[in-house]
Amino acid sequence: MPTLDEAAAELRESFDDLSFQPWHDAAQEHGFRCSISLPVVVDGEIDGALMVYADELGAFDDTARVLMEDLAADLGYGLSRLRDAHRLAEALSSSVFVLAAAVESRDPYTAGHQSHVGVLCGAIGREMQLPDDQIEGLVLGASIHDLGKISISQRTLVKVGALTAED
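Predicted model, so just to flag it, every value in this text is computed and none were measured.

Quick look at the packing of helix H4 (residues 113–127) against helix H5 (residues 132–143)
Okay, so step 1: Relative orientation of the contacting elements H4 and H5 amounts to 160 degrees, with a least axis distance of 7 Å. Classed by the angle they form, the pair H4 and H5 counts as roughly antiparallel. Of the two possible hands of crossing, H4 and H5 adopt the one that is right-handed. Residues Gln-114, Val-117, Gly-118, Cys-121, Gly-122, Gly-125 and Arg-126 of H4 form the contact with H5, whose own contacting residues are Ile-135, Leu-138, Val-139, Ala-142 and Ser-143.
Okay, so step 2: For the contact of H4 with H5, the per-class residue count stands at 6 nonpolar, 5 polar and 1 charged.

Structure (structure tokens):
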């Protein structure tokens with residue numbers, strides 16, 4: 001992980017790029033005379049910058065700099081946790097769909113049924129104007145609603161005719 005000074009030096013070098021000129025011009029146009037720019041580090045890599053402007057020279061003393069460094073670090077930590085949560089949600093979805101595929105492979109007669117129920121539940125959730133996370137929950141739940149088939153013997157699943165007491 002780069003030190004704050006190393007990250008700041010890397011960031012300063014990148015601001016020599018002419019593509020940053022519009023930001024500088026806009027700041028001056030709005031009367032800003034001073035700025036501080038700190039790297040936002042996410043998982044050991046510079047992911048962006050926290051840029052704060054002020055209308056008076058010398059606005060960022062040592063105390064302000066320390067506070068801004070803490071804020072930049074907090075932003076990096078928060079972004080990392082958000083990305084972790086997103087990766088976790090993707091892993092959950094992937095696991096659910098693998099389970100659904102395993103269930104459907106045991107009963108070819110109903111193959112596709114769980115995914116169709118998932119699609120219908122998603123459409124109903126959208127029609128009800130549910131929040132996206134609730135719709136996703138409906139789709140995932142519907143996609144594995146026949147999960148119990150995993151514990152039923154293949155012979156029983158594909159049996160034609162009435163079930164016996166043993167079945």
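Read on, since the account is not over.
Focus: helix H3 (residues 62–106)
Each full turn of the α-helix corresponds to 3.6 residues, which orients residues three or four apart in the same direction.
Okay, so step 1: Taking 1.5 Å of rise per residue, the 45 residues of H3 would be expected to cover 66 Å, and the 66 Å separating its terminal C-alpha atoms lies within 8% of that figure.
Okay, so step 2: Where H3 is concerned, the buried positions are Ala-64, Met-68, Ala-72, Gly-76, Ser-80, Ser-93, Val-96, Ala-100, Val-103 and Glu-104.
Okay, so step 3: Tucked into the core, H3 has its buried residues touching strand S1 (34–42), strand S2 (45–54), H4 and H5.
Okay, so step 4: Two to three positions downstream of the cap, the backbone nitrogen of Thr-63 sits 3.3 Å from a side-chain oxygen, assigning the N-cap of H3 to Asp-61.

Regarding the pattern of salt bridges
Okay, so step 1: One pass over the full model with this rule turns up 5 salt bridges.
Okay, so step 2: Among the ionic pairs, Arg-65 bridges to Glu-69, the shortest N-O distance being 2.8 Å. Taken as a pair, Arg-65 and Glu-69 lie in helix H3 at a separation of 4 residues, close to a single helical turn.
Okay, so step 3: Judged by its relative accessible area of 21%, Glu-69 is partly exposed.
Okay, so step 4: Taken together, the shared-partner salt bridges in this structure form one network comprising Arg-81, Asp-84 and Arg-87.

Here's the deal with H5
Okay, so step 1: Spanning 12 residues, H5 covers 16 Å between terminal C-alpha atoms, matching the ideal 16 Å at 1.5 Å per step.
Okay, so step 2: Against H3 and H4 lie the buried residues of H5.

Some points on the pairing of S2
Okay, so step 1: Pairing of S1 with S2 involves 9 bridges; the strand directions are antiparallel. Bridging from a neighbouring strand, Val-40 pairs with Gly-48 of S2.
Okay, so step 2: Following S1, the chain reverses through 2 residues before pairing antiparallel with S2; Asp-43 in that reversal takes a positive phi of roughly 50 degrees.

Rules used in this analysis
Residues numbered from 1 in each chain as written. Predicted model: local features only at pLDDT ≥ 70, side-chain atom pairs only at ≥ 80, totals over all residues. Heavy atoms only, no water. Axes fitted to C-alpha atoms, helices over the stretch in contact; angles between N-to-C directions. Helix = DSSP H or I, 4+ residues; strand = E, 2+ residues; numbered from the N terminus. Parallel < 35°, antiparallel > 145°, perpendicular 65-115°, else oblique. Left-handed = near helix turned anticlockwise from the far one by under 90°. Contact = heavy atoms within 4.5 Å. Nonpolar A, V, L, I, M, F, W, Y, C, P; charged D, E, K, R; others polar. Expected span 1.5 Å × (residues − 1). Buried < 20%, exposed > 50% of the residue type's maximum accessible area, 1.4 Å probe, protein only. Polar contact = N/O pair within 3.5 Å; in protein donor to acceptor, adjacent residues only side chain to side chain. Salt bridge = Lys/Arg side-chain N within 4 Å of Asp/Glu carboxyl O. Pairing = 2+ DSSP bridges.

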